[in-house]
Amino acid sequence: KKSCCLKGLSFFLLYRRHGLWFRLRRLIIWLLGVYIAIPFLVKLCPAIQAKLVFLNFVRVPYFIDLKRPQDQGLNHTCNYYLQPEEDVTIGVWHTVPAALWKNARGKDQLWFEDALGSSHPVILYLHGNAGTRGGDHRVELYKVLSSLGYHVVTFDYRGWGDSVGSPSERGMTYDALHVFDWIKARSGDNPVYIWGHSLGTGVATNLVRRLCERETPPEALILESPFTNIREEARSHPFSVIYRYFPGFDWFFLDPITTSGIKFANDENVKYISCSLLILHAEDDPVVPFHLGKKLYNIAATSRSFRDYKVQFVPFHTDLGALGSGSAL
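Each value, and the rule that gives it
- Residues numbered from 1 in each chain as written.
- Predicted model: local features only at pLDDT ≥ 70, side-chain atom pairs only at ≥ 80, totals over all residues.
- Heavy atoms only, no water.
- UniProt positions renumbered as here; feature names shortened; annotations may be inferred.
- Helix = DSSP H or I, 4+ residues; strand = E, 2+ residues; numbered from the N terminus.
- Buried < 20%, exposed > 50% of the residue type's maximum accessible area, 1.4 Å probe, protein only.
- Contact = heavy atoms within 4.5 Å.
- Areas by Shrake-Rupley, 256 points an atom, 1.4 Å probe, with all protein chains shown as cover.
- Pairing = 2+ DSSP bridges.
- Axes fitted to C-alpha atoms, helices over the stretch in contact; angles between N-to-C directions.
- Phe/Tyr/Trp six-rings, centres within 6.5 Å; stacked < 30°, edge-to-face > 60°.
- Lys NZ or Arg CZ within 6 Å of the ring centre and 35° of its normal.
- Parallel < 35°, antiparallel > 145°, perpendicular 65-115°, else oblique.
- Left-handed = near helix turned anticlockwise from the far one by under 90°.
- Nonpolar A, V, L, I, M, F, W, Y, C, P; charged D, E, K, R; others polar.
- Patch = residues over 30% accessible without salt bridge, like charges linked within 9 Å, V, L, I, M, F, W, Y side chains within 5 Å.
- Salt bridge = Lys/Arg side-chain N within 4 Å of Asp/Glu carboxyl O.
- Core = buried A, V, L, I, M, F, W, Y, C linked by side-chain atoms within 4.5 Å.
- Domains from an automatic or database assignment.
- Buried area = accessible area lost by both parts, 1.4 Å probe.
- Polar contact = N/O pair within 3.5 Å; in protein donor to acceptor, adjacent residues only side chain to side chain.

- As annotated in an unreviewed UniProt entry, the protein carries the name Lysophosphatidylserine lipase ABHD12 and is attributed to Phasianus colchicus.
- As stated in UniProt under Subcellular location (unreviewed entry), the record for the protein gives "Endoplasmic reticulum membrane".
- Database annotation for the protein, UniProt heading Catalytic activity (unreviewed entry): "Hydrolyzes glycerol monoesters of long-chain fatty acids."

Right, dumping it as structure tokens:
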């Protein structure tokens, strides 16, 4: 009887072990199938890669009323809506310098527009992908720049936040151009600086190249966590690690980005920019590698277009914990 029990227990344990191995093997085969299928899906549907580049569908923080910047502690900020093109509307925040904080309370849009003509410089801020103009780390930057005496004008590209339209590189650049021209029409001779962060650096160099070509350059261009071009950034992005050595990686993952009309060629644009350039990059940036920012600086520093202008690179060392300003691309 005891022998039968032992045989039964052994059979049960063997069956259980075999069952666990079968389930594990089935899971591994399923994961392998998904791993192999994803590159083909991306290749067949380039729009997927465009969505992953823009991440405009990611709205963080979600429960925020973009019409009320004061809810984010920006009591000296006004919310506008501009229309760069037919069927396109973009939401804009204008934060006045901290020195005008008391005067700004309770004022309407017309007062804020007139304030751009005051003797304070203006920064047009172009944010990166994901989130909105109300992102926490972005709001903190507006406050710092305001305390330093700058007007800060920022907006959500078409398709982001409460802005209406479909995102594209051309559309984002045109939105930025429209806002720049809107600022210049109201700021008089006050200097206007363009600040791009992460993906926004691609919009910034597109914009400034166009401004220089029409001979209306900004006072200076500031690039925070820039890359050389979107293909090199995508190849270096942490999300690409599991596929980086997959056969045909460029064909499967990078060519669909180009097919979607997305280039953000900072390395080409800087060769046609004629204004002062400041590049900021954290050594421990987890999204846009430090070496891409340094590479872009080396290209700009040797470009003939900058021979009469200052080009500066400021690294933020790892011990500062800057982490690329704590945002996505």
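## Some details on the overall build of the protein
Next up, step 1: A count of helices and strands for the protein gives 11 helices and 8 strands.
Next up, step 2: Here the protein holds 329 residues, and 47% of them are scored as buried.
Next up, step 3: A separation of at least 24 residues holds for 75% of the contacts in the protein among residues at least 6 apart in sequence.
Next up, step 4: Accessible surface computed for the protein: about 16700 Å², of which carbon and sulfur atoms make up 60%.

## A closer look at the sheet that holds strand β8 (residues 311–316)
Next up, step 1: Within the open sheet, the 8 strands sit side by side as β1-β2-β4-β3-β5-β6-β7-β8. Their pairing is mixed. Each having just a single partner strand, β1 (77–85) and β8 make up the two edges of the open sheet. Going across the sheet, the axis of each strand differs from the next one's by a mean of 20°, ignoring polarity.
Next up, step 2: Here 5 bridges tie strand β5 (residues 192–197) to strand β6 (residues 220–224), and the two strands are oriented parallel to one another. In the strand pairing of β6, Trp 195 is matched with Ile 222.

## Focus on the UniProt feature "domain: AB hydrolase-1" (unreviewed entry) in the protein
Next up, step 1: Mapped onto this structure's residue numbering, the UniProt feature "domain: AB hydrolase-1" (unreviewed entry) falls at residues 121–210.
Next up, step 2: Along residues 121–210 one finds 48% helix and 18% strand; the C-alpha atoms at either end are 21 Å apart.

## Some thoughts on the packing of aromatic side chains
Next up, step 1: Summed over the entire model, instances satisfying the criterion amount to 18 aromatic pairs.
Next up, step 2: Aromatic pair Phe 155 and Tyr 157: ring centres 5.3 Å apart, planes at 85°, arrangement edge-to-face. For the pair formed by Phe 155 and Tyr 157, the shared burial category is buried.
Next up, step 3: These aromatic residues form a ring-pair network of at least three members: Phe 40, Tyr 243, Phe 246, Phe 249, Trp 251, Phe 252 and Phe 253.
Next up, step 4: Lying over the aromatic face of Trp 111, Lys 107 brings its terminal NZ or CZ to 5.7 Å of the ring centre.
Next up, step 5: Arg 209 extends its terminal NZ or CZ atom over the ring of Tyr 272, reaching a point 4.0 Å from the ring centre.

## A closer look at the packing of helix α6 (residues 169–187) against helix α7 (residues 199–213)
Next up, step 1: Taken N-terminus to C-terminus, the directions of α6 and α7 make an angle of 60°; their axes are 9 Å apart at the nearest point. Classified by the interaxial angle, the pair formed by α6 and α7 is oblique. Crossing angle aside, the handedness with which α6 passes α7 is right-handed. Facing α6, whose interface residues are Glu 169, Met 172, Thr 173, Tyr 174, Ala 176, Leu 177 and Phe 180, α7 presents Leu 199, Val 203, Asn 206, Leu 207, Arg 210 and Leu 211.
Next up, step 2: Class assignment for the residues of the contact of α6 with α7 results in 9 nonpolar, 2 polar and 2 charged.

## Focus on a nonpolar patch on the surface
Next up, step 1: On the surface, Leu 24, Leu 27, Ile 28, Trp 30, Leu 31, Val 34 and Ile 38 cluster together to form a nonpolar patch covering roughly 630 Å² of accessible area.
Next up, step 2: Residue placement: Val 34 occurs in helix α1 (residues 2–44).
Next up, step 3: On the basis of relative accessible area, Val 34 is assigned to the partly exposed category, the value being 33%.

## Some thoughts on the pairing of β6
Next up, step 1: A large share of β6 lies buried, amounting to 5 of its 5 residues.
Next up, step 2: Here β6 shows no split at all, with Ala 220, Ile 222 and Glu 224 on one side and Leu 221 and Leu 223 on the other all buried.
Next up, step 3: Bridging between β6 and strand β7 (residues 276–282) involves 5 bridges; their strand directions are parallel. Looking at β7, one finds that Ile 222 is bridged to Leu 278.

## Here we look at the UniProt feature "transmembrane region" (unreviewed entry) in the protein
Next up, step 1: Summarizing the sequence annotation, UniProt attributes the feature "transmembrane region" (unreviewed entry) to residues 24–42 in the numbering used throughout.
Next up, step 2: The distance from the first to the last C-alpha atom of residues 24–42 is 27 Å, and the span holds 100% helix and 0% strand.

## Details of the nonpolar core
Next up, step 1: Within the largest apolar cluster, 67 residues are counted, with the highest numbers of intra-cluster contacts made by Phe 54, Leu 124, Leu 126, Phe 155, Ile 194, Leu 221 and Phe 264.
Next up, step 2: Counting 16 residues, the second largest nonpolar core, distinct from the first, contains Ile 64, Leu 141, Leu 145 and Ile 222.

## Notes on the domain arrangement of the protein
Next up, step 1: Structurally, the protein comprises domain 1 (2–44) and domain 2 (48–320).
Next up, step 2: Domain 1 and domain 2 are separated by 49 Å when their C-alpha centres are compared.
Next up, step 3: Together, the buried faces of domain 1 and domain 2 total about 900 Å²; carbon and sulfur atoms form 76% of this surface.
Next up, step 4: At the boundary of domain 1 with domain 2, the tally comes to 0 salt bridges.
Next up, step 5: Counting across the interface, domain 1 meets domain 2 through 1 residue pair in polar contact (both at pLDDT 80 or more).

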